[in-house]
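Next come the chains, spelled out residue by residue.
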Amino acid sequence: MVPRDVSETELVSDFPGVGNDNAAWNRALVDRLFPVDEKPESARLLAIDEDVIVAVGATLGFSADAALPAFVKTINDRWSIARTGSFAILAAAANGFARLPRPRQAPPFVSGLSLLVLAASGMRHDEAAPANAYYARLAGIVGVGRTEFLAASEIPGMFERLAEWLRADVGGRRGRLLLPGGGYKYVGVPINQCVFRAFDRAALADFFTDRLPAVRPELDVLAMLRAWPGRHRLSAPATRLLHDPAAEDQVRAALSVVRDAWNPQVDWTQMRASVAGGRRFPGRLRMRVTPEVELFVSSEADISVSLADGRWLSPGREAAVATSLLDQLAKASVRFSTGGTAVVLPFGGDTLYFEHQEEYGIVRVLSVQRDRAYVLSRDPAVHESLAEYEDENAELPTGWRLFLRVAAEDLPSERKAPELKPLIAPKLDGGLRVDRMAWLTGAGPMVRAGHLASPIEVKLDGESLGELEAGGCVFLPCADTLKCHEVEVGETRWTVRIVEQGPRAGIGTLGWRPESLDTNRHGAAALDEVKVTGAVVESWDLSETLLCPPGTKVTSIDHWGTGKRISPELRPRWLTEIGFEPERARWELFPTEDDVWIVSERMVVCLDPSLPPLLDDVARKALLAVHQPRVLGVDGPDARVTELFAALRQLAEAHT
C-alpha cells in the first residue's frame, strides 16, 4: 500500500526561509538546472551537488551553511524516504504526473530526484563506505541506519518522466536531459548524472578560480579543463569521462552546471556543510614583513585541525607556517584537516593580495578594498609593473617578491589567468611517424583540435569523415593503404604518406674480444663480430621512469590515498641464452599522473609533495612495512619530503 501523498503545504520545516517547502525548492531547481535557452535541445544533466544546493538555497534565503540541511530535511520529509525506507511516494508522484494532460507544469518530483543525485555526488572510498556504496551514502544523508530502500526499480522511470516533459511539454526550450547508460541497473541513473562528485569540487573550485578570467566565448571550457595542469586531482570516474570522446556532451553539460554554481565569495569565505557530515571553514593567512617575512594561519572556527608537520591549529590561536606555502597556494587551495573537518586557504595563483586590518594585522584578501595593499607575486609581469614598491631585502621562495603599500590604482585590474593559446588550425598527431609527413603502415595519424570556436569538417581523399570539435580528434582510416592521401581540415590541407619502412639511418657495429675472460661467463656464444642494423625510432619519454632493484615489492599511493601493489614485469627466459640473467635485472616502473608516493620496504620516492586525505588498507600496510627508508623527492634528498613522509607514516599509524 502506497502511503498518502501529502500536499506541498502540509510540511512545516525547522528552517525558516523564503518559501521553504518542496514546491519552492522544486521551482528553483528546475530554473537553475533547466533554464529556458535560445538554443533548443541543449544537453542538460540533473547534476546536483553541494554547490548547486547552496546556490539554489541562496535564492530562497538560506546561508551557505544552512542550505544543505534545509534542503535535505524538507525534501526527505516531503517524499518520506527515511520514514518509509522506500521511493514509493516519489514514484507515485511521477506516475501520476505521467497521466496528466499536456502541456503540464514542471514535474513536482524534481526535488526528490535531486536528493537521489546528491547522494551519488558523495560517493567515494572512505571510512564511511566503499566508493560503490550508493545506498549507504543515501542513508547517511537522510539519517537512517538501513542500506536498502524499496521501489528502487522505479528510479529509471522517474528520470524518463522528467526527460519526457522537457522533450514533449516544453519542446526542448529547457534543453534535453541526458540519461547515460552503464553501471547499476537502477541507481546507475542518478549516479550517471554526476560527472563530478563531491571529491572533485575542490579541484574544480581551483580550476574556475584559475581559468575564469581567461574564459571567452570562442574557447571551449572542456578543452581548457583537459589542458589544465591540476586535472590529475579529479576522481578516477571524472578523469575517465573527461577524456572519453563519447562522453563530451555529458561532461560539457556537467561543467556548465558547476561553472554556473561556482561563487568564490561563498565558497571561500563562508563555512560549508557536507553531505558526508563534514564541515569546511575558511582560514585566515596573516603576514609579518619585519624583521623578516613570516606567515601565520588561523581560523574563526571553534575546531582543532592537524597541520602537515604534525602540529595542531587550535581555536583562537594562530600557527606559523613556512613560506613554502606560497608555492602550494600557487597550484591549489590548501586544506588543513582532521577527519571530516577542514580549514581551507583558497587557491591564489601567482599573485596574492594582503591588506592591513586593525584587528588582525596584514591579512590575505580575495579582492582589495583599501587604498593600499601588500602583494606577494611570482608573476614577472607584476614584478615589472610594481617595481617601485618592491622590498628587495625580503627572503622568499625562488621567484617570489614582496611589494609594500602598493597604491590601489597601481594594482592589476584583476588576477590574470594563464593565457591559453588557441590552435588556429588543427594538427596531425599520434601514429608512428618515420619521416616528414610519412607514417608507418598500420599506425597512421589522427587530426587533433585545440580550443576551436566552432566545428570544422574533416575530409580524407575528398570524402567527409565528419566534424572536428574543440578539444576532439578524428582518426584517419588510411593506415593500411600504401599511398599518398589528401587530408582537408577547413582551410588546411596536408598530403600524408603511408609507407612500409622508414629511411635508412645508418649501420651500427657491436663487437668484443673473444679472448676476454668475461665473454662467455653467462653462456653467450663466442662471435668475432656482431653487426646490428635496423631503424632509428623515437623513444617515449623516460624522464619519469623509476628503476627498481630485482625482487623489490613496490606500492604506489595516489592523491586520494589509494594503494596499488606493483609487481616486477616478467623477463623472458631466453635472455639467459644471450648472456643476461632476468632474476638479477632491474625493472622499470612507470608512475601514472595520479601517483604521489612510491613505497618499498627500504626506499620511499615522493613524486608530488602532498598528503592524501585518507589511506586505504593497501596503502596503510605498505607504509607500516617501511623500515629505516631512504626518502627522496624527484630531485633527490629533500628535507620537506622527509617531513611529509613522517606525517604520512603517522596517518597510517593513526588508523591501525
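Residues numbered from 1 in each chain as written. Predicted model: local features only at pLDDT ≥ 70, side-chain atom pairs only at ≥ 80, totals over all residues. Heavy atoms only, no water.

Undergrad: What's the story with the overall build of the chain in this structure? I'm lost.
TA: Within the chain, the secondary structure is distributed over 18 helices and 32 strands. Relative to its 656 residues, the chain shows a buried fraction of 47%. Of the contacts formed within the chain by residues at least 6 apart in sequence, a portion of 62% connects residues at least 24 apart. Surface accessibility of the chain: about 33700 Å² in total, with carbon and sulfur atoms responsible for 51%. (Helix = DSSP H or I, 4+ residues; strand = E, 2+ residues; numbered from the N terminus. Buried < 20%, exposed > 50% of the residue type's maximum accessible area, 1.4 Å probe, protein only. Contact = heavy atoms within 4.5 Å. Areas by Shrake-Rupley, 256 points an atom, 1.4 Å probe, with all protein chains shown as cover.)

Undergrad: I would appreciate a short explanation of the packing of aromatic side chains in the present structure.
TA: Centre-to-centre distance and the angle between the planes together describe a pair of aromatic rings. Tallied over the entire structure, the rule returns 7 aromatic pairs. An angle of 45° between the planes, with centres 6.1 Å apart, marks the rings of W597 and F645 as tilted. One end of the pair, W597, is in strand 30 (residues 595-599); the other, F645, is in helix 18 (residues 639-654), with 48 residues separating them in the sequence. This pair shows no difference in class: W597 is buried, exactly as F645 is. In this structure, R78 packs its charged tip against the face of W79, placed 4.0 Å from the ring centre. Positioned above the aromatic ring of F296 is the side chain of R286, whose terminal nitrogen or guanidinium carbon lies 4.5 Å from the ring centre. (Phe/Tyr/Trp six-rings, centres within 6.5 Å; stacked < 30°, edge-to-face > 60°. Lys NZ or Arg CZ within 6 Å of the ring centre and 35° of its normal.)

Undergrad: Looking at this structure, how should I read the sheet that holds strand 27 (residues 554-558)?
TA: Picture the strands of a sheet paired through backbone hydrogen bonds; they go either parallel or antiparallel. Here 5 strands make up an open sheet; going across it, the order is 28-27-30-31-32 and the pairing mixed. Where the open sheet ends on each side, the last strands, each with one partner, are strand 28 (563-566) and strand 32 (630-632). Neighbour-to-neighbour, the strand axes of this sheet turn through a mean angle of 20°, independent of strand direction. Bridge analysis of strand 30 against strand 31 (residues 603-606) gives 3 bridges, and the strand direction is antiparallel. When the sheet's bridge partners are listed, W597 is paired in strand 31 with C606. Against the sheet, helix 17 (residues 617-624) contacts strand 27, strand 28 and strand 30, and its axis sits at roughly 65° relative to strand 28. (Pairing = 2+ DSSP bridges. Axes fitted to C-alpha atoms, helices over the stretch in contact; angles between N-to-C directions.)

Undergrad: What is the right way to look at the pairing of strand 28 in this model?
TA: When a strand is regular, its side chains alternate between the sheet's two faces. With 4 bridges connecting them, strand 27 and strand 28 associate as antiparallel partners. Looking at strand 28, one finds that V554 is bridged to I566. Count of turn residues in the strand 27/strand 28 antiparallel hairpin: 4 residues, of which G561 carries a positive phi of about 85°.

Undergrad: Where do I start with helix 5 (residues 88-98) in this structure?
TA: Think of an α-helix as 3.6 residues a turn; residues three or four steps apart then line up on the same face. Within helix 5, the full set of buried residues consists of A88, I89, L90, A91, A93, A94 and F97. Where the residues of helix 5 are buried, they touch helix 3 (64-79), helix 4 (81-84), helix 6 (110-121) and helix 8 (155-169).

Undergrad: Can you help me understand the side chain of S235 in this one?
TA: For S235, the location among the structural elements is in the loop between helix 11 (221-227) and helix 12 (236-242). Those residues within four positions of S235 in sequence are excluded, and the remaining contacts are F199, D200 and W560.

Undergrad: Would you take a moment to explain the pattern of salt bridges for this structure?
TA: Pairing between side chains of opposite charge can happen when their charged atoms approach one another. Counting across every chain of the model gives 18 salt bridges. Across the pair D77 and K73 runs a salt bridge, and its minimum N-O distance is 2.7 Å. Linking D77 with K73, this pair stays in helix 3, spanning 4 residues, or about one helical turn. Its salt-bridge partner being D350, residue R378 comes within 2.8 Å of it at the nearest N-O pair. On the criterion of sequence distance, the pair formed by R378 in the loop between strand 13 (372-377) and helix 16 (380-385) and D350 in the loop between strand 10 (341-345) and strand 11 (351-357) is long-range, its members being 28 residues apart. Look at R378 and you get partly exposed, because its relative accessible area is 27%. (Salt bridge = Lys/Arg side-chain N within 4 Å of Asp/Glu carboxyl O.)

Undergrad: Looking at this structure, how should I read the packing of helix 1 (residues 22-33) against helix 6?
TA: It is the contact of helix 1 with helix 6, at a shortest axis distance of 8 Å, that shows an interaxial angle of 75°. With respect to their mutual orientation, helix 1 and helix 6 come out roughly perpendicular. Note on element contacts: helix 6 touches helix 1 through V110, S111 and S114, opposite N22, N26, L29 and V30. Of the residues in the contact of helix 1 with helix 6, the class split is 3 nonpolar, 4 polar and no charged. (Parallel < 35°, antiparallel > 145°, perpendicular 65-115°, else oblique. Nonpolar A, V, L, I, M, F, W, Y, C, P; charged D, E, K, R; others polar.)

Undergrad: Explain the sheet that holds strand 22 (residues 484-489) here, please?
TA: Here 6 strands make up an open sheet; going across it, the order is 16-17-23-22-19-20 and the pairing mixed. Across the chains shown, the open sheet's two edge strands, defined by having one partner strand only, are strand 16 (433-435) and strand 20 (463-468). Sheet twist, expressed as the mean angle between neighbouring strand axes with direction ignored, is 30°. The sheet contact formed by strand 22 and strand 23 (residues 492-499) spans 6 bridges and is antiparallel.

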